[in-house]
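Given next are the chains, with one letter for each unit.
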Amino acid sequence: MRDRLDELFVDEDFTDWYPEDGRPGLSPARLALVSVLQYTENLTDRQAAEAVRCRLDWKYCLGLELDDAGFDFSVLSEFRDRLAEGDRADRLLAVMVERLAAAGLVKRRGRVRTDSTHVLAAVRRLNRGELVAETLRVALEGLVAHGEEWLAGLITADWG
């Protein structure tokens, strides 16, 4: 991504998130990209902060020097708190999609995907039904092997 798109987020995208005065903090653009990487790798805040300190691929993606010390993990929680205010998350997603589309990394107005939860649930139900039927078949075959006459008296023509 970094090779095709120099920076996904820039600090100007976050100007209304922070007061004009006060001491300068960490780059909100960098924290936003760390949050994206954290989500894609399913990491905790501590693990993500450690990845920023130690992993070369993260340092490259974030544009950090090799000796960059990183930051305390609690910064990510504070950043997410700011992100949750108002429509900031939606605006940030729109900026991200716009820049990725402009770089040719995603398509605009492509095919819409739906939530697959209901599909997975239906497959799970079918799979469980098949398992029950297969278990019943194996059990009946076992009974036939040990007592065919006894089983024939229990199973009628309409049973199947």
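This one's a predicted model, so the numbers in the text were calculated from it and none came from an experiment. (Residues numbered from 1 in each chain as written. Predicted model: local features only at pLDDT ≥ 70, side-chain atom pairs only at ≥ 80, totals over all residues. Heavy atoms only, no water.)

Visitor: Report on the side chain of Q38, specifying residues and quantitative values.
Guide: Mapping Q38 onto the fold places it in helix α1 (residues 28–41). Here Q38 falls in the buried class, since its relative accessible area comes to 8%. The contacts of Q38, once residues within four sequence positions are left out, are L43, T44, D45, A48, W58, L76 and R80. (Helix = DSSP H or I, 4+ residues; strand = E, 2+ residues; numbered from the N terminus. Buried < 20%, exposed > 50% of the residue type's maximum accessible area, 1.4 Å probe, protein only. Contact = heavy atoms within 4.5 Å.)

Visitor: Lay out the pattern of salt bridges with the relevant residues and their values.
Guide: For the structure on display, the rule yields 6 salt bridges. Between D45 and R80 there is a salt bridge, with its nearest N and O atoms 2.7 Å apart. Within this pair, whereas D45 is found in helix α2 (residues 45–54), its partner R80 is found in helix α4 (residues 74–83), the two being separated by 35 residues in sequence. Using a relative accessible area of 16% as the deciding quantity, one classes D45 as buried. According to the relative accessible area criterion, R80 is partly exposed, its value standing at 35%. Among the salt bridges present, the one from E134 reaches R137, with a minimum N-O distance of 2.3 Å. With a gap of 3 residues between them, E134 and R137 both fall in helix α6 (residues 117–154), about one helical turn apart. Residue classification places E134 among the partly exposed positions, given a relative accessible area of 39%. Salt bridges sharing common partners tie together E41, R55 and D57. (Salt bridge = Lys/Arg side-chain N within 4 Å of Asp/Glu carboxyl O.)

Visitor: Describe the layout of surface pockets, with residues and values.
Guide: As a volume, the second largest pocket reaches approximately 210 Å³. Around the second largest pocket, the lining residues are S35, V36, Q38, Y39, T40, R80 and L83. Residue assignment for the lining of the second largest pocket shows that the elements contributing at least two residues are α1 and α4. With 5 residues, α1 is the single largest residue contributor to the lining of the second largest pocket. Considered class by class, the residues forming the lining of the second largest pocket number 3 nonpolar, 3 polar and 1 charged. (1 Å grid on protein atoms, 1.4 Å probe; cavity = no way out; pocket = protein on both sides within 12 Å on 5 of 7 lines; lining within 4 Å. Points joined across faces, edges and corners; volume = space filled by probe spheres on them. Nonpolar A, V, L, I, M, F, W, Y, C, P; charged D, E, K, R; others polar.)

Visitor: For the nonpolar core, give the residues involved together with the corresponding values.
Guide: Core analysis: the biggest nonpolar cluster contains 21 residues, and L31, V34, V52, W58, L62, F71 and L76 have the highest contact counts within it. Contributions of two or more residues to this core are made by α1, α2, α3 (56–62), α4 and α5 (88–102). Beyond its immediate sequence surroundings of up to four residues, L76 is in contact with L31, V34, S35, Q38, D45, A48 and F71. (Core = buried A, V, L, I, M, F, W, Y, C linked by side-chain atoms within 4.5 Å.)

Visitor: Can you explain the confidence of the model for the chain? Please cite residues and give values.
Guide: Summarising the model, the chain shows a mean pLDDT of 78, and 80% of its residues fall at 70 or more. Looking at the elements of the chain, mean pLDDT is at its lowest for α6, recorded as 78, and at its highest for α2, recorded as 91. (pLDDT = per-residue confidence, 0-100.)

Visitor: How would you summarise α4 if you had to cite specific residues and measurements?
Guide: Within the sequence span of α4, burial applies to V75, L76 and F79. The arc that holds the buried residues of α4, viewed along the axis, is 100 degrees, so those residues lie on one side. Of the surrounding elements, those touching the buried residues of α4 are α1 and α2. (Arc of directions from axis to C-beta.)

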